[in-house]
Amino acid sequence: MSVSLADLRGRNPEIFTDGCPTRTVLDHVMGKWGILVLLALSDGTQRWGVLRRNISGISEKMLASTLKTLEGDGLVQRTAYPEVPPRVEYALTPRGRDLMTRVIPLMEWVADNADDIVARKD
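How each quantity is defined
The numbering scheme is per chain: residues are counted from 1 as the chain's sequence reads. pLDDT decides what is reported in this predicted model: residues at 70 or higher carry local features, side-chain atom pairs at 80 or more are listed and counted, and totals for whole chains, interfaces and linings draw on all residues regardless. For side-chain calculations, the full set of non-hydrogen atoms in the structure is used, while hydrogens and water are omitted. Only buried residues count toward a nonpolar core, which is a set of Ala, Val, Leu, Ile, Met, Phe, Trp, Tyr and Cys residues joined through side-chain atoms within 4.5 Å. For every residue, the accessible area (1.4 Å probe, protein chains only) is compared with the maximum for its type, and the residue is labelled buried under 20%, exposed over 50%, or partly exposed between those bounds. What counts as a helix is a DSSP run of H or I of at least four residues, what counts as a strand is a run of E of at least two, and both are numbered from the N terminus. In short, DSSP must find at least two bridges between two strands for them to pair. Salt-bridge detection follows one rule: a side-chain nitrogen of Lys or Arg within 4 Å of a carboxyl oxygen of Asp or Glu. To count toward a patch, a residue needs a relative accessible area above 30% and no salt bridge. Like charges then connect within 9 Å, nonpolar side chains (Val, Leu, Ile, Met, Phe, Trp, Tyr) within 5 Å. Shrake-Rupley sampling with a 1.4 Å probe provides the accessible areas, and residues are treated as covered by the protein chains on show and by no other component.

**Student:** Would you take a moment to explain the nonpolar core for this structure?
**Tutor:** Soluble, globular proteins show a tendency: their nonpolar side chains are buried together. By size, the foremost hydrophobic cluster in this structure holds 22 residues, and its most contacted members are Val37, Leu38, Leu41, Leu51, Ile55, Leu67 and Val76. The biggest single contributor to this core is helix 3 (residues 32–41), with 6 residues.

Shown next as structure tokens:
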């Protein structure tokens, strides 16, 4: 079933307009680092170091900021264990898993088409 922007705006005329919460969510989820963090966590629970290694090029500061944002959005769960040394794990919440079932087909399309699209710019 294909839904158009007109269909969505028929349900909510303000959707995706300036100041609409949908813009905030899109920024958090579809930004460069947000989507890569969510994609990495779609493989399962990960500790900080593993997550950082799985997201090539992300700085510690950006990973911390992105995880905090996604946790605040209810898409990522942070679990800290009272151990020495401290152990912290990150996982998708049920809402995050639901989101990724919808986003992974888009990521598959991007992976299948990226080389051709980028080659057109040369």
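**Student:** What's the story with the pairing of strand 2 (residues 76–81) in this structure? I'm lost.
**Tutor:** For a regular strand, side-chain orientation follows a simple rule: the groups alternate between the two sheet faces. Taken together, the 6 bridges between strand 2 and strand 3 (residues 87–92) define a ladder with antiparallel strand orientation. Paired with Arg78 across the two strands is Tyr90, which belongs to strand 3. In this antiparallel pair of consecutive strands, strand 2 and strand 3, the connection spans 5 residues.

**Student:** What is the right way to look at the pattern of salt bridges in this model?
**Tutor:** Any two side chains of opposite charge can pair, given that their charged atoms come close. Using the criterion set out here, one finds 4 salt bridges in the structure. The salt bridge partner of Glu83 is Arg87, with a shortest N-O separation of 2.9 Å. Glu89 is the partner of Arg87 in a salt bridge, and the nearest nitrogen-oxygen pair spans 2.9 Å. By relative accessible area, Glu89 is classed as buried at 17%. Each of the salt bridges in this network shares a partner with another, and the network as a whole consists of Glu83, Arg87 and Glu89.

**Student:** Please explain the sheet that holds strand 3 as it appears in this structure.
**Tutor:** Spatially, the 3 strands line up as an open sheet ordered 1-3-2, and their pairing is antiparallel. A strand with exactly one partner marks an edge of an open sheet, and here the two such strands are strand 1 (46–47) and strand 2. Relative to strand 3, strand 1 is paired through 2 bridges, and the arrangement is antiparallel. Within strand 3, the position partnered with Arg47 by the bridge is Glu89.

**Student:** Whenever I open this one, a nonpolar patch on the surface confuses me. Can you help?
**Tutor:** Where nonpolar side chains cluster on the molecular surface, the patch consists of Leu26, Met30, Leu106, Trp109, Val110 and Ile117 and spans about 510 Å² of accessible area. Of all the elements in the fold, those that place two or more residues in the nonpolar patch are helix 2 (21–30) and helix 6 (94–119). No other element matches helix 6, which puts 4 residues into the nonpolar patch. On the secondary structure map, Trp109 appears in helix 6. On the basis of relative accessible area, Trp109 is assigned to the partly exposed category, the value being 48%.

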